[in-house]
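Understanding the architecture of this molecule
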Amino acid sequence: RRIREAQRQLRGVKLQYSDEETIFFDDVAGIGDAKFELQEVVDFFTRPARFKASGSKVPRGVLLCGPPGTGKTLLARAVAGEAGEAFLSINASEFVEMFVGVGAARVRDLFSTARSMAPAILFVDEIDSVGRTRGGAQGNDERDQTLNQLLTEMDGFSTEAQVIVMAASNRKDVLDSALIRPGRFDRIVYVDVPDFHGRIDILRVHLDRREWDAAGIDLHALSLETRNYSGARLANLVNMAATAAGQRAHSVITMEDMERALELERLGPTRSPYSDVARRRLALVEGATSVLATLLPAIEPVTKATIVVRETYPLGHTVVENSEQRELTHVYTRRYLEEQMLLVLAGRAAEEAAYGAEGMSTLCQRRVAMARRIANKMVVSNAMTSAVGPRLVAHPDGPGDEMDLFVTRFIPVDVAETVDRTISEVMTRAYTASLAMVRRNFAAIEAVADLLMEKNTVNGDEVRRLVLKHGCAEDLAFRE
Ligand code: ADP
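Here we summarise the structure given alongside this text. (Residues numbered from 1 in each chain as written. Predicted model: local features only at pLDDT ≥ 70, side-chain atom pairs only at ≥ 80, totals over all residues.)

1. Observations concerning the overall build of the protein chain
Which entries qualify depends on this criterion: Helix and strand assignments come from DSSP, with helices taken as H or I runs of at least 4 residues and strands as E runs of at least 2, each series counted from the N terminus. Whether a residue is buried, exposed or partly exposed follows from its count of other C-beta atoms within 10 Å of its own C-beta, namely 20 or more, 12 or fewer, or something in between, respectively; the C-beta atoms are built from the backbone. What counts as a contact here is a pair of residues whose C-beta atoms, placed from the backbone, lie within 7 Å.
When its secondary structure is counted, the protein chain shows 22 helices and eight strands. Burial status across the protein chain gives 38% buried among its 480 residues. Restricting to contacts in the protein chain with at least 6 residues of sequence separation, those with at least 24 account for 76%.

2. Some thoughts on the sheet that holds strand 7 (residues 317-320)
Stated formally: At least two bridges found by DSSP between two strands is the condition for calling them paired. For helices, the axis comes from a line fit to the C-alpha atoms of the stretch in contact; other axes are also lines fit to C-alpha atoms, and the angle between any two N-to-C directions lies between 0 and 180 degrees.
Taken in spatial order, the three strands make up an open sheet running 7-6-8, and their pairing is antiparallel. The sheet is open, and its two borders are formed by strand 7 and strand 8 (457-459), each paired with just one other strand. With strand direction ignored, the average angle separating the axes of adjacent strands in the sheet is 10°. Note that strand 6 (residues 302-306) and strand 8 share three bridges and pair antiparallel. Bridge pairing in strand 8 places K304 opposite N459.

3. Remarks on the sheet that holds strand 4 (residues 163-169)
Ordered in space as 2-3-4-1-5, the five strands form an open sheet in which the pairing is parallel. A strand with exactly one partner marks an edge of an open sheet, and here the two such strands are strand 2 (86-91) and strand 5 (185-190). Between one strand and the next, the sheet's axes are offset by a mean angle of 20°, whatever the strand orientation. Those strands touched by helix 4 (residues 72-83) are strand 1 (61-65), strand 2, strand 3 (120-125) and strand 4, and its axis lies near 175° from that of strand 3. Contacts between helix 6 (residues 102-117) and the sheet are confined to strand 2, strand 3 and strand 4, with strand 2 contributing the most and set at about 170° to the helix.

4. Quick word on unusual backbone geometry
Cis geometry is adopted by the peptide bond preceding P119, which originates at A118 and carries an omega value of 0°. Even without being glycine, E126 reaches a positive phi, approximately 50°. By the secondary structure assignment, E126 is in the loop between strand 3 and helix 7 (128-131). With 20 C-beta atoms packed within 10 Å, E126 lands in the buried category. Here A383, not a glycine, exhibits a phi torsion of approximately 45°, which is positive.

5. With respect to the packing of helix 11 (residues 231-247) against helix 12 (residues 255-267)
What counts here: Orientation labels follow simple angle bins: below 35 degrees gives roughly parallel, above 145 gives roughly antiparallel, 65 to 115 gives roughly perpendicular, and whatever is left gives oblique. Handedness of each helix crossing follows the sense of rotation of the near helix against the far helix: counterclockwise by less than a right angle gives left-handed, clockwise gives right-handed. Gly is placed with the polar residues, together with every amino acid not listed as nonpolar (Ala, Val, Leu, Ile, Met, Phe, Trp, Tyr, Cys and Pro) or charged (Asp, Glu, Lys and Arg).
Closest axis-to-axis distance for the helix 11/helix 12 pair is 8 Å, and the angle between their directions is 120°. The orientation of helix 11 with respect to helix 12, classified from their angle, is oblique. When the axes of helix 11 and helix 12 are compared, the crossing they make is right-handed. Residues N236, L237, M240, A241, A244 and A245 of helix 11 pack against D257, M258, R260, A261, L262, L264 and E265 of helix 12. By residue class, the composition of the contact of helix 11 with helix 12 is nine nonpolar, one polar and three charged.

6. Examining the nonpolar core
Soluble globular proteins tend to bury their nonpolar side chains together. Definition in use: Residues of type Ala, Val, Leu, Ile, Met, Phe, Trp, Tyr and Cys that are buried and joined through C-beta atoms within 7 Å form what is called a nonpolar core.
In terms of nonpolar packing, the biggest core is built from 71 residues, with L64, L75, V79, I121, L122 and M166 touching the most fellow members. If sequence neighbours within four positions are ignored, I121 has contacts with A76, V79, A80, E85, F87, I164 and M166. Membership of the second largest hydrophobic core comes to 48 residues, among which are A288, V438, F442 and L466.

7. Topic: the site of the ligand
The following threshold applies: Near, as applied to residues and a molecule or strand, means the residue's backbone-placed C-beta atom lies within 6 Å of it.
As a matter of local geometry, the ligand sits amid 17 residues, with G71, K72, T73, G231 and A232 nearest to it. Mapped onto the shell around the ligand, the elements with two or more residues apiece are helix 4, helix 9 (196-207) and helix 11. Here the shell around the ligand is built from residues that sort into 10 nonpolar, six polar and one charged.

8. Quick notes on the packing of helix 9 against helix 11
Across the interface, helix 9 lies against helix 11 with an axial gap of 9 Å and an inter-helix angle of 45°. One finds that helix 9 runs oblique with respect to helix 11. Seen from above, helix 9 lies across helix 11 with right-handed handedness. Contacts between helix 9 and helix 11 pair R199, I202, L203, H206 and L207 from the former with G231, L234, A235 and V238 from the latter. Of the residues assigned to the contact of helix 9 with helix 11, the class counts are six nonpolar, two polar and one charged.

9. Some points on the pairing of strand 2
For strand 2, a buried count of five out of six residues is recorded, marking the element as mostly surrounded by other parts of the structure. Where strand 2 and strand 3 come together, six bridges link them in parallel fashion. Among the inter-strand pairings, I90 is bridged to a residue of strand 3, identified as V124.

10. Here's the deal with helix 21 (residues 460-470)
Put simply, the rule reads: Note: the arc covers the axis-to-C-beta directions of the helix.
The set of residues buried in helix 21 consists of G460, V463, L466 and V467. The buried residues of helix 21 occupy an angular sector of 130° when the element is viewed end-on, so they sit on one face. Away from its buried face, by an angle of more than 90 degrees, helix 21 presents the exposed residues D461, L468 and K469. Contact partners of the buried residues in helix 21: helix 13 (276-295), strand 6, helix 20 (442-455) and strand 8.

11. Remarks on the environment of A261
Looking at the secondary structure, you find A261 in helix 12. Non-local contacts of A261, meaning those with residues more than four positions away in its chain, are made with L237, M240, A241 and A244.

Listed below in structure tokens is the structure:
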């Protein structure tokens, strides 16, 4: 009833309440630090005595900062759930879409409703849409007025008012500094995409809402496959897997469903296959890539190669095992980078071996670009060649991955030429080595390509078996 009353007062501004489904801290996974910090807000409501005793300042506003989909809204709802209080939420962009003067009035209404419902949590999503720095060349009167009203309301709370304002923003840098002054949003909680263990926890939270094959689903492997995924993206993945299970008329989600969902999510739906001539070319490219990955000592074992083409990625691909260690450190030896260059050029080398120099195509364009990036990393960013050495060839404060415009204006022409020549030498050497290795192992590559033509996808064991059977003895020995 309180809710309906509030909605009437607010004449159409949409409010969401947690009564559909109450969220608790247990529903939010992988961001333990943020939960720990927000426990204080919960204590403010549920244990006022203890809160006062601890000498904490009464929180007024809490700003949750972080990329989209990382669980900021979920966290705010969980705070309300844990505290057992009302949760009012609004998207700040709704204020700005209104007629001049109306935004400020809406803010007034919203705060008065929140006060009448106290104790309550008022959540303002996307606060950057009203909270950007005021004035300036592109000043926006309506937005400024709305923001001023918001500041006035927050200042007007007495210390006894049992209302806490929580807000979320993807970009703290654009926020008006007045917003983060003491007495306003004076707590800032950062929420980032989850790490390796966080992703496992989030997947488990979402899987636990359904039936899933706990023995068969390898959360460790899935977490390695989903680096940089937000919580929302992981939740979506589990939804897609549930759909895939449903299509098989199964209620239990299996590892296969999860893998299918991953591919679908990342690469889009499959599209109709190409002609056999084109498929053969794809099969040779992936055959070469998977065979070289198997033979190169520093490269991780192949898990699969496929020539199933996708809407958003109309090429085949080869996948190697992910290692947790590599993800955590991002440290690559020169040896590893060199082998990686051989590997990404293997497809192009296979085209040359099979169709001659005239028969190369644009199919491997992305991989050639990738090889160039690796060469750049070695020569420019990490000073791994003696020809260029430690000379300043990238912005001194930048990540140093590109020879960028800043630098090309300041370095002597001969240094730029040396860099260019060295990168090209590094790439040529890698391509020559890749082509030689492809030629030596062409029987194995053709065998994998034949199998790909037949089955579209092959796994790592199948590739290894064919390499052992047809591979060149010299490269096989190298492997040991
Ligand atoms: P944000 O507000 O940061 O954009 P949301 O809180 O709206 O993100 O997240 C959207 C959905 O993604 C949530 O409803 C939830 O299903 C899922 N999600 C995001 N982060 C997490 C998390 N840390 N733990 C569990 N689920 C999450």
